[in-house]
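# Overview (structure and organization)
So the chains spell out like this:
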Amino acid sequence: MAETRERGRPRAFDPDAALDAAARVFWVHGYDGASLTDLTAAMGINRPSLYGAFGSKEELFQRVIARYAQTDMTYAERALDQPTGPAVARALLLDNIDAVTRSDRPAGCLTIQGGLASADGNETVPAFLGRSRLAGERRLAERLARAVAEGDFVAGTDAAALARYLMVVTEGHAVHATAGVSRRQLRASADLALLAVDALAAPASTV
């Protein structure tokens, strides 16, 4: 009976809070640099509890990235909902800068810092992050293609190339933010990027 009660007890930790704590560890140290000792200490649980709740370290990382997308990256969804293509680009660039320079988070972006490179045997981690970023790029390209069809951009605008350009700028901003480049400086470079968007905008559509 005692054993049954023990197994039936609810977990003594908040899974979302534990994922948020793990996110900070992965963010600062990267996937390879984040040890299980660091993770369990930050999450306030022991290794058996980590494995029982989240699976392996890689499965934990994937859960962390999924939660990060639902919390810290909601600005990307809001950008896609903007009424015109130029407005999509503007919201994405400027809100991304705010996100990668938040004072209550490590600088940069978890999907960039988490695993640009990996040790032998962990190649699946940067591949997973790369697929996640490319999926976001495809969604952006689809939204911009609709904007081209609706006349927001000049005829013949390459929506896929424009989406790739915007992603390169936002990802570059995330890398520069980790090097200490300020929000004001990043906004200055975003203004230059928006000049390129302006050049593609149809006369009736503004950024």
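Residues numbered from 1 in each chain as written. Predicted model: local features only at pLDDT ≥ 70, side-chain atom pairs only at ≥ 80, totals over all residues. Heavy atoms only, no water.

### Section: the packing of aromatic side chains
Worth spelling out the cut-off: Aromatic rings from Phe, Tyr and Trp, taking only the six-membered ring of Trp, are treated as a pair when their centres fall within 6.5 Å; an angle between ring planes under 30 degrees marks them as stacked, one over 60 as edge-to-face, and anything in between as tilted. Only protein chains enter the calculation, and the probe is 1.4 Å; a residue is then buried if its accessible area is under 20% of its type maximum, exposed if over 50%, and partly exposed in between. Helical segments are the DSSP runs of H or I of at least four residues, strand segments are the runs of E of at least two, and each set is numbered from the N terminus. Criterion for a charge above a ring: Lys NZ or Arg CZ within 6 Å of the ring centre, and within 35 degrees of the ring normal.
On inspection of all chains with the given rule, the structure shows 5 aromatic pairs. Aromatic side chains phenylalanine 26 and tyrosine 31 sit 5.9 Å apart centroid to centroid with 10° between the ring planes, which places their arrangement in the stacked category. Across the pair, exposure class does not vary: phenylalanine 26 and tyrosine 31 are buried alike. Between phenylalanine 61 and phenylalanine 128, the ring centres sit 6.5 Å apart and the planes meet at 70°, which makes this aromatic pair edge-to-face. Highlighted residues: phenylalanine 61 in helix H5 (residues 57-71) and phenylalanine 128 in helix H9 (residues 124-149), separated in sequence by 67 residues. We classify phenylalanine 61 as buried; its relative accessible area is 1%. Given a relative accessible area of 16%, phenylalanine 128 falls into the buried group. The rings of Phe26, Tyr31, Phe61 and Phe128 are connected pair by pair, giving a single aromatic cluster. Just above the ring of tyrosine 31 sits the side chain of lysine 57; from NZ or CZ to the centre is 4.5 Å.

### Structural notes on helix H11 (residues 183-200)
To keep it simple, the criterion reads: Take the number of residues in a helix, subtract one, and multiply by 1.5 Å to get its expected span. The arc in question is the one spanned by the directions pointing from the helix axis to the C-beta atoms.
With 18 residues, H11 should cover 26 Å at 1.5 Å per step; its first-to-last C-alpha distance of 26 Å lies within 8% of that length. Every buried residue belonging to H11 is among Leu186, Ala190, Ala193, Leu194 and Val197, and all of these are buried. The buried residues of H11 occupy an angular sector of 110° when the element is viewed end-on, so they sit on one face. Turned more than 90 degrees from where H11 packs its buried face, Arg184, Leu192, Leu195 and Ala199 sit exposed.

### Structural notes on the nonpolar core
Rules: Residues grouped as a nonpolar core are buried Ala, Val, Leu, Ile, Met, Phe, Trp, Tyr and Cys residues, joined through side-chain atoms within 4.5 Å. Any two residues whose heavy atoms approach within 4.5 Å are treated as being in contact.
Phe26, Leu39 and Leu60 are the most contacted members of the largest nonpolar core, which totals 58 residues. Of the residues forming this core, the biggest block, 9 residues, is contributed by helix H7 (residues 85-100). When near neighbours in sequence (up to four residues on either side) are disregarded, leucine 60 contacts Leu19, Ala22, Phe26, Leu39, Met43, Leu50 and Phe54.

### Examining H7
So the rule is basically this: Whenever two N or O atoms come within 3.5 Å, that pair is a polar contact, provided that in protein one can donate a hydrogen and the other can accept it, and provided that, for residues adjacent in sequence, both atoms are side-chain atoms.
The first and last C-alpha atoms of H7 sit 23 Å apart over 16 residues, in line with the 22 Å expected at 1.5 Å per residue. Counting buried positions along H7 yields 13 of 16 residues, so the element is predominantly enclosed. One side-chain oxygen of the residue at the start of H7 lies 3.2 Å from the amide nitrogen of alanine 87, identifying that residue as threonine 84.

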